[in-house]
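Structural overview
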Amino acid sequence: MKFAIVVNEGPYTHQASDSAYHFARAALEGGHAIYRVFFYHDGVHNGTRLASPPQDERDVVNRWSKLAAEHDIDLVVCVAAAQRRGIVDAAEKKRHAKDADNIAPGFRISGLGQLIEAGIRADRLMAFGD
Amino acid sequence: MTDEATAAPPGAVKKFMYINRRAPHGGNYAQEGLEVALIGAAFDQEVSLAFIDDGVFQLKTGQDTAAAGLKNFTAAFAALGDYEVKRIYVEAESLARRGLTADDLMPLMYEDEDDDYAEKPLIEIIGKDALADLIERQDVLLNF
Amino acid sequence: MLLHTVNKSPFEKNSLDTCLRLSAPGSCILLIEDGVYAALAGGAFAAQLQDGMRARKLYAIDADLQARGLDPAGLIDGVEVIDYRGFVELATRCDQVQSWF
């Protein structure tokens, strides 16, 4: 079965990203596919590579990046939500003449259409938020 | 915005319902929820919106955000009828609990292309059991 | 038949109340994160939840119970405790999933 996952909250402030990650892991272990993980609202903060959590804590961002690398999962950060909150990739950096980008490995920035399309393509849409 | 024009897969029409349960201005969920509904219209799916709990406050008439310094995104609700949204459901119990009636809600309309473009009200106030039944029959549920 | 998830404590937010009001009979309800507090046998929501369970099946995530120091023995009768594998299995078995935040 194909799952799509929406993450509506950033790391650490809420458990949403953790729950989404554990669900994704369990789905993959169960032989299912993750069609896409879409990060919306404050969820876009999951996509910054500049976070440095303490050594004895889970690394929420890195965990998503690793999962994407290991299982070839499409991690999409909503462009409109990202622009508001300062999550930037190389193209966005150029477009808005910023002095840096901060997108984490495995993530890409794209439009809200990717969320709708995931809803159409996937068998189940799982939302994790606050 | 990038790649918004992604076409829907051929033949796939799903029932999308956007469930709105937040008041409009104290948080950003409501505004970004409406953005999804507007973008979603380009995908030729069967789209409805439901307003439940504090979400009913999003449709309140007379919202003026100027003094608060916020964007009044709720003005865009008037455009929903042009975006292929045919139904906005408001839960009767949520409305009554907040001391509101149909008269407190924006008079949103759409033109019915199957009925000589007659102007029809977009908002339907329905009871909890009918709404539960509708939710049960959706293919995709998105919450804001 | 839908799977409804609730991730908020009923002592803080109305998500559980709305879920019970708007979930059709026959639905499955899964308590995750702070949602698990609703199932405390001695808690103020036990009666409402048990009433809702006459027509619905109730589940709770084990990891979220453990994290909060809640022993399954202290929950209302009839709650099935599952892990994330069970969550995935429940999501595949139900037609769609509705998340009440």
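The coordinates are above.
Some remarks on the overall build of chain B
The secondary structure content of chain B amounts to three helices and seven strands. For chain B, the α and β elements follow one another from N to C terminus as β-α-β-β-α-β-β-β-α-β. The C-alpha atoms of chain B give a radius of gyration of 15 Å, which matches the 15 Å a tight globule of 144 residues would have. Among the 144 residues that make up chain B, the fraction classed as buried is 48%. Element-wise, carbon and sulfur atoms account for 50% of the exposed surface of chain B, whose accessible area totals about 6,700 Å².

Focus: the overall build of chain C
Along its length, chain C carries four helices and five strands. Mapped in sequence order, the helices and strands of chain C form the string β-α-β-α-β-α-β-α-β. Relative to a compact globule of 101 residues, whose C-alpha radius of gyration would be 13 Å, chain C shows 12 Å and is just as compact. Its C-alpha atoms give chain C principal-axis dimensions of roughly 30 × 30 × 25 Å. Looking at chain C as a whole, 59% of its 101 residues are labelled buried. Nonlocal contacts in chain C, meaning residues at least 24 apart in sequence, comprise 72% of its contacts between residues at least 6 apart. With an accessible surface of roughly 3,800 Å², chain C has 50% of that area assigned to carbon and sulfur atoms. Computed over 9 positive and 13 negative side-chain charges, the separation of the two mean positions in chain C equals 5 Å.

Details of the interface of chain B and chain C
Contacts between chain B and chain C engage 20 residues on the former and 17 residues on the latter. Both faces combined, the contact of chain B with chain C buries some 1,400 Å², and carbon together with sulfur accounts for 50% of it. On the chain B side of the interface with chain C, the three residues burying the most area are R21, E136 and N143 of chain B, jointly 38% of the side's total. Summed over the shared surface of chain B and chain C, the number is two salt bridges. A salt bridge links E91 of chain B to R21 of chain C; its shortest N-O distance comes to 2.8 Å. Looking at the side of chain B that touches chain C, the elements with two or more residues in it are α2 (92–97), α3 (128–136) and β7 (140–143) of chain B. In terms of residues, the side of chain B that touches chain C owes the most to one element, α3 of chain B, which gives five residues.

A short note on the interface of chain A and chain B
Contacts between the two partners involve 27 residues from chain A, matched on the other side by 28 residues from chain B. The largest share of the area that chain A buries against chain B comes from R84, I116 and I120 of chain A, three residues that together contribute 28% of it. Applying the counting criterion to the chain A and chain B interface returns three salt bridges. Among the salt bridges present, the one from E32 of chain B reaches R85 of chain A, with a minimum N-O distance of 3.0 Å. Our count for the contact surface shared by chain A and chain B stands at twelve residue pairs in polar contact (both at pLDDT 80 or more). Take the side of chain A that touches chain B: its biggest share by element is eight residues, from helix α5 (residues 113–121) of chain A. Here the residues of the side of chain A that touches chain B sort into twelve nonpolar, eight polar and seven charged.

Observations regarding the pattern of salt bridges
The full count for this structure, using the stated rule, is 30 salt bridges over all chains. Linking D74 of chain A and R36 of chain A is a salt bridge whose minimum nitrogen-to-oxygen distance equals 2.8 Å. Residue D74 of chain A is found in the loop between α2 (60–71) and β3 (75–78), and its partner R36 of chain A is found in strand β2 (residues 33–39); the two are separated by 38 residues along the sequence. Note that E80 of chain C is salt-bridged to K57 of chain C, the shortest N-O span being 3.6 Å. Here E80 of chain C, found in strand β4 (residues 80–82), pairs with K57 of chain C, found in strand β3 (residues 57–61); they are 23 residues apart in sequence, far enough to count as distant. By relative accessible area, which is 37% here, E80 of chain C ends up partly exposed. Judged by relative accessible area, which is 32%, K57 of chain C ranks as partly exposed.

Calculation criteria
Residues numbered from 1 in each chain as written. Chains lettered and ligands numbered in written order. Predicted model: local features only at pLDDT ≥ 70, side-chain atom pairs only at ≥ 80, totals over all residues. Heavy atoms only, no water. Helix = DSSP H or I, 4+ residues; strand = E, 2+ residues; numbered from the N terminus. Rg over C-alpha atoms; globule rule 2.2 N^0.38 Å. Buried < 20%, exposed > 50% of the residue type's maximum accessible area, 1.4 Å probe, protein only. Areas by Shrake-Rupley, 256 points an atom, 1.4 Å probe, with all protein chains shown as cover. Contact = heavy atoms within 4.5 Å. Lys, Arg positive; Asp, Glu negative; His and termini not counted. Charge placed at Lys NZ, Arg CZ, Asp CG, Glu CD. Buried area = accessible area lost by both parts, 1.4 Å probe. Salt bridge = Lys/Arg side-chain N within 4 Å of Asp/Glu carboxyl O. Polar contact = N/O pair within 3.5 Å; in protein donor to acceptor, adjacent residues only side chain to side chain. Nonpolar A, V, L, I, M, F, W, Y, C, P; charged D, E, K, R; others polar.

Don't take any of this as a statement about function, it's just geometry.
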